[in-house]
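As a plain string of letters, each chain reads:
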Amino acid sequence: MNAKPRGRQFFNNPGPTNIPDRVLRAMDRPVIDFMSDEFVAIQHACHAGVKRVLKTDQTLYFYNSSGHGAWEAALANLFSAGDKVLIVETGYFSQSWEEMAVNLGIIVETFAADWRKGADIAKLAERIAADRAHEIKAVLTVHNETATGMVLPVAEIRRALDQARHPALLLSDTISSLGSIDYRMDAWGVDVTVGGSQKGLMLPTGMALTGVSGKALDAARKNKAPRHYWNWELMNGRAPQKFMGTAPVHMFFGLQESLRMLEEEGLDAVFQRHTRLAEATRAAVRHWGSDGKGPQLFCQTPDRLSNSVTTVVMPEGTSSDPLRKVAIDRYNLSLGGGLGPLMGKVFRIGHMGDLNEPMLLGCLATTELAMRTSGIPFVAGGVDAAIESLAG
Ligand code: PLP
């Protein structure tokens, strides 16, 4: 073990992610009054900027919380105990959102799916069409399942609802796709989008958000379930901030800078960079497992591979936990672990947010080094495959 690791830690967790120096510097300033004109102007600019990232003209609310708070805000505003929702299973995070809904007294039907293959949208469309009594109040989706490294075609789910003329609301968690993978709240007819600060927005953890459609605001107005901190109506009354309690001034300083960075690069270029880095990561993993014995991609549906995180299955008889320990203790490389039933069975390479080619190649090379020193079987040369992918 390195007693005192030198150099920068290579941080490839799929959230929180690297915070750019520019964002850190923007936050390194004295506090200002959160009721001042100066702060209100910053907050308005941030609302407008996040709406451009979400591709929405609808209403946005921010909370002092991690992503869980925005999950709860969506549920608490829209549903009463006994209401029924349909959640599309994607992995650990759809299960966690489901658990929260159940704890709030909401009746949850799970649309089951194989975590490695993803939900069958045609069958989901049949299920939606079969609900002729419109008992399902909403369909809950996780756009990018951070545990499995797989995206869900949210627009196809909206099409299924429209084709069935089903009035259910469409909710989508974009926590690990926001600012990393194209997301179109309005074009896809999403009623509530759930986001967080610590991934593609490149900020510390601690601020979450929801984009809310007019239809969802109407549903919330009619919902009599008790709620307070998350209450959108109450928040509307807190003009000009629309914020419950003390606004996290420094998070907004950081957000203003991270939005500037995203817009200077250009959103499309940001998404292309994520695609390039993800493809290089996948090229490395495919090479490591090319003999059928080494690590493999967890996601088995090629057109749903995530461009913000890659989940890697460990070879038979090996565990990812000691490998990750070697990576961090000896080489100062932080990799994500497996969540829920995937604990020990997979590791995750986060490639979202403030990342470039040398940072990714450093991560992949060090992962190879850690696999070699841990005795994990793999086909050497994954880094060359990644370079080939990047060069092409
Ligand atoms: N949803 C997704 C897809 C996530 O990746 C996460 C966290 O990683 C969450 C929800 C929960 O967010 P938080 O940990 O910020 O509460």
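Residues numbered from 1 in each chain as written. Predicted model: local features only at pLDDT ≥ 70, side-chain atom pairs only at ≥ 80, totals over all residues. Heavy atoms only, no water.

A. Quick look at the overall build of the protein. Assigned secondary structure in the protein consists of 13 helices and 14 strands. Since a compact globule built from 392 residues should have a radius of gyration of about 21 Å, the 21 Å found for the protein is in line with a globular shape. Seen through its principal axes, the protein has C-alpha atoms that stretch 60 × 55 × 35 Å. Within the protein, the fraction of its 392 residues that count as buried is 56%. (Helix = DSSP H or I, 4+ residues; strand = E, 2+ residues; numbered from the N terminus. Rg over C-alpha atoms; globule rule 2.2 N^0.38 Å. Buried < 20%, exposed > 50% of the residue type's maximum accessible area, 1.4 Å probe, protein only.)

B. Expanded view of the side chain of T174. Take T174: it is sitting in the loop between β8 (169–173) and β9 (192–196). One polar contact links T174 to S177, side chain to side chain, over a distance of 2.6 Å. (Polar contact = N/O pair within 3.5 Å; in protein donor to acceptor, adjacent residues only side chain to side chain.)

C. Representation of the environment of E38 in the model. The residue E38 is located in helix α2 (residues 37–54) in this model. Take E38: its relative accessible area is 44%, and that puts it in the partly exposed class. When neighbours within four sequence positions are excluded, E38 is seen to be in contact with R29 and I32. (Contact = heavy atoms within 4.5 Å.)

D. Just the packing of aromatic side chains, in detail. On inspection of all chains with the given rule, the structure shows nine aromatic pairs. Between the aromatic rings of Y63 and W230, the centroid separation amounts to 5.4 Å while the plane-to-plane angle is 65°, which identifies the pairing as edge-to-face. Note that Y63 is positioned in strand β2 (residues 59–64) and W230 in the loop between α7 (214–222) and α8 (232–237), a separation of 167 residues in sequence. Judged by its relative accessible area of 16%, W230 falls in the buried class. Ring geometry for F243 versus F252: centroids 6.3 Å apart, planes at 75°, classification edge-to-face. In textbook terms, an aromatic cluster arises when at least three aromatic residues are bridged by ring pairs, as seen for F39, F62, F243 and F252. Over the face of the ring belonging to F253 we find R29, whose NZ or CZ atom lies 3.8 Å from the ring centre. Here the basic side chain of K242 rests over the ring of Y61, its NZ or CZ set 5.0 Å away from the ring centre. (Phe/Tyr/Trp six-rings, centres within 6.5 Å; stacked < 30°, edge-to-face > 60°. Lys NZ or Arg CZ within 6 Å of the ring centre and 35° of its normal.)

E. Layout of helix α11 (residues 320–331). With twelve residues, α11 extends 16 Å between its outermost C-alpha atoms, agreeing within 8% with the 16 Å of an ideal straight helix rising 1.5 Å per residue. Considering only its buried residues, α11 is in contact with β13 (333–337), β14 (346–350) and α12 (357–374). One or two residues past the end of α11 sits N332, with phi positive at roughly 65°. (Expected span 1.5 Å × (residues − 1).)

F. Highlighting the sheet that holds β14. Taken together, the five strands give an open sheet; going across it, the order is β1-β13-β14-β12-β11, and neighbouring strands pair in mixed fashion. In this open sheet, the two edge strands, each paired with only one partner strand, are β1 (10–12) and β11 (296–297). (Pairing = 2+ DSSP bridges.)

G. Representation of the site of the ligand. Near the ligand lie 13 residues; those nearest to it are S66, G67, H68, T146 and D173. Within the side chain of S66, one N or O atom sits 2.6 Å away from an oxygen atom of the ligand. G67 has a polar backbone atom sitting 2.7 Å from an oxygen atom of the ligand. When the ligand sits alone it has 380 Å² of accessible area, and the protein chains cover 89% of it. Sort the elements by how many residues they give to the shell around the ligand and helix α3 (residues 67–78) lands first, with three residues. In terms of residue class, the shell around the ligand is built from four nonpolar, seven polar and two charged. (Near = heavy atom within 4 Å. Areas by Shrake-Rupley, 256 points an atom, 1.4 Å probe, with all protein chains shown as cover. Nonpolar A, V, L, I, M, F, W, Y, C, P; charged D, E, K, R; others polar.)

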